[in-house]
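Take a look at the letters that make up each chain.
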Amino acid sequence: MSKTRIAVYPGTFDPITRGHEDIVRRAANLFDQVIVAVAGSTSKQTLFSLQERVDLAQSVFAGENIKVVGFDGLLMQFVQAQGAQMVIRGLRAASDFEYEFQLAGMNRKLYPKLETLFMTPAEEYMFISSSLVREVARLGGDVNQFVSPGVETAIKQKL
């Protein structure tokens, strides 16, 4: 009997973008279960509350074999509690790599059984970030090509 392969994809997802969706759906083809871990405690000022971000991600992945969970505290404690062996991290550009590499090393020190898988989004999503989506929306721009329709509606209602 083989062990269930569980991966955690952590982030603030404020809001969840098509780039995030692309990575999650592709990871779901590699693992038995993918858990989108929405971080509650963050140094970032968020547009959406933790519950709103969880709800938006759940609506994006409704009907798919993808679990969405909000969490507070240390990611490695959450990963262990989920029984996961892998953390997925998205890389948009080479500039992301140095920070992510350092983070992966620290996470491995905290939880030696953990592996980190770096994934890049599809080319059409490489430039998308949640902060850019928020900024474009704040300035009255159209964000429908960057986020799912339900997320776009939520952004418009928030701003």
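Fair warning: this is a prediction, and the values are worked out from it, not measured in the lab.

Q: Looking at this model, I keep getting lost on helix 2 (residues 50–60). Mind explaining?
A: Side chains of residues three or four places apart in an α-helix project in the same direction, reflecting 3.6 residues per turn. For helix 2, every residue scored as buried is listed here: Arg53, Val54, Leu56, Ala57 and Val60. One face of helix 2 carries all of its buried residues, which in axial projection span an arc of 165 degrees. Residues of helix 2 that are buried sit in contact with helix 1 (18–28), strand 2 (33–39), strand 3 (66–71) and helix 6 (149–158).

Q: Explain unusual backbone geometry here, please?
A: A negative phi holds for most residues other than glycine; trans holds for most peptide bonds. Residue Asp14 is joined to Pro15 through a cis peptide bond whose omega torsion reads 5 degrees. Tracing the chain through its elements places Pro15 in the loop between strand 1 (6–11) and helix 1. Look at Phe13: it is not a glycine, yet its phi comes out positive at around 50 degrees. Checked against the element boundaries, Phe13 lands in the loop between strand 1 and helix 1.

Q: Would you explain the side chain of Ser130 in this entry?
A: Mapped onto the fold, Ser130 is located in helix 5 (residues 130–138). Here Pro15 takes part through its backbone oxygen, which lies 2.6 Å from a polar atom of the side chain of Ser130. Among all residues touching Ser130, those that are not within four sequence positions of it are Asp14, Pro15, Thr17 and His20.

Q: Would you mind showing me how to read the pattern of salt bridges here?
A: Where side chains of opposite charge bring their charged atoms close, a pairing between them can arise. Applying the stated rule across the entire model yields nine salt bridges. In this structure, Glu135 and Arg138 form a salt bridge, with 3.9 Å as the shortest nitrogen-oxygen distance. With Glu135 and Arg138 both in helix 5 and three residues apart, this pair spans about one turn of that helix.

Q: Would you mind going over the UniProt feature "binding site: substrate" (unreviewed entry) in the protein with me for this structure?
A: Mapped onto the present numbering, the UniProt feature "binding site: substrate" (unreviewed entry) falls on Thr12, Lys44, Leu75 and Arg89. Here Lys44 shows up in the loop between strand 2 and helix 2. Under the relative-accessibility criterion, Arg89 is labelled buried at 17%. Apart from the residues lying within four places of it in its own chain, the contact partners of Arg89 are Pro10, Glu100, Leu103, Thr116, Leu117, Phe118 and Met119. A distance of 3.4 Å separates a polar side-chain atom of Arg89 from the backbone oxygen of Pro10.

Q: In this structure, what is going on with the pairing of strand 2? I would like to understand it.
A: For a regular strand, side chains alternate in direction, first toward one face of the sheet and then toward the other. Strand 2 sits mainly inside the fold: six of its seven residues count as buried. Two elements, strand 1 and strand 2, share six bridges in a ladder whose sense is parallel. The residue of strand 2 that forms the bridge with Val8 is Ile35. For the crossover from strand 1 across helix 1 to strand 2, the handedness is right-handed. Regarding the hand of the β-α-β motif, the stretch spanning strand 2, helix 2 and strand 3 is right-handed.

Conventions adopted
Residues numbered from 1 in each chain as written. Predicted model: local features only at pLDDT ≥ 70, side-chain atom pairs only at ≥ 80, totals over all residues. Heavy atoms only, no water. Buried < 20%, exposed > 50% of the residue type's maximum accessible area, 1.4 Å probe, protein only. Helix = DSSP H or I, 4+ residues; strand = E, 2+ residues; numbered from the N terminus. Arc of directions from axis to C-beta. Contact = heavy atoms within 4.5 Å. Polar contact = N/O pair within 3.5 Å; in protein donor to acceptor, adjacent residues only side chain to side chain. Salt bridge = Lys/Arg side-chain N within 4 Å of Asp/Glu carboxyl O. UniProt positions renumbered as here; feature names shortened; annotations may be inferred. Pairing = 2+ DSSP bridges. Right-handed = clockwise from strand over helix to strand, strands pointing away.

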